[in-house]
Amino acid sequence: MGPNRPMSPPRASAAPSALPGSGYRACAIMAVPCAGMEAALAGPGELVCERGRNRKAVLCQRCGSRVLLPGAATFARRELFLPSMKKKTALVAGSDPDGDVLQEHWFVDDMFSFENIGFTKNVGNIKFLICADCEVGPIGWHCLDDKRSFYVALNRVSHE
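Bear in mind that the values here come from a model prediction, so they are computed numbers and not experimental data.

Attention now goes to the packing of aromatic side chains. This model, assessed by the stated rule, comprises 5 aromatic pairs. Ring centres of Phe75 and Trp106 lie 6.2 Å apart, and the angle between their planes is 80°; on these two criteria the pair is classed as edge-to-face. One end of the pair, Phe75, is in strand β4 (residues 74-83); the other, Trp106, is in strand β6 (residues 99-108), and 31 residues separate them in sequence. Its relative accessible area of 0% is what places Trp106 among the buried residues. Ring centres of Phe114 and Phe150 lie 6.0 Å apart, and the angle between their planes is 85°; this geometry places the pair in the edge-to-face category. Here the residue Phe114 occupies a position in the loop between β6 and β7 (118-119), and Phe150 occupies one in strand β11 (residues 150-153), the gap between them amounting to 36 residues.

The structure is reproduced here in structure tokens:
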């Protein structure tokens, strides 16, 4: 690659390997940047400020526990697979999960920015984020290969 050529974003392989016995796919396919990673201002207007940060507090949909304070996260668009929302014990069981590929997330680069967050056991090199109070989730996603990337799905939380 020459000095004048722009770097292209990483691409997911067409045939990702499954994590043994888990039904989950490897990290490379789960965190694929959307076309060009749209600017933060393209996010939901009532939730995102002009700096691309969350205007409102982020809460657990089930119990109302505060997950993030206003201004603690940045809006990001990435395609991430999250299993259906279930209790933590059901998430780590060996069953093949149903789930959704979600694109709108709050990005947090420091786990100490969270007010209240829990993690599932490792599922391959992935930990799913759950509410620490009621253990419902997953509300987000963390790949162990990147210690400074935590994603909370907008449609898995409420805002106040």
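Our next topic: the nonpolar core. Val58, Val67, Leu68, Trp106, Phe114, Leu129 and Val152 are the most contacted members of the largest nonpolar core, which has 17 residues in total. At the level of secondary structure, the elements contributing two or more residues to this core comprise β3 (66-68), β6 and β11. With residues near it in sequence (within four places) discarded, Leu68 still touches Asn54, Ala57, Val58, Ala73, Trp106, Val108, Ser113, Phe114 and Glu115.

A few words on the confidence of the model for the protein chain. Averaged over all residues, the pLDDT of the protein chain equals 76, while 66% of them reach at least 70. For the stretch residues 1-42, pLDDT sits under 50, and the model shows 64 contacts to residues farther than four places along the chain or on other chains.

Rules behind the numbers
Residues numbered from 1 in each chain as written. Predicted model: local features only at pLDDT ≥ 70, side-chain atom pairs only at ≥ 80, totals over all residues. Heavy atoms only, no water. Phe/Tyr/Trp six-rings, centres within 6.5 Å; stacked < 30°, edge-to-face > 60°. Helix = DSSP H or I, 4+ residues; strand = E, 2+ residues; numbered from the N terminus. Buried < 20%, exposed > 50% of the residue type's maximum accessible area, 1.4 Å probe, protein only. Core = buried A, V, L, I, M, F, W, Y, C linked by side-chain atoms within 4.5 Å. Contact = heavy atoms within 4.5 Å. pLDDT = per-residue confidence, 0-100.

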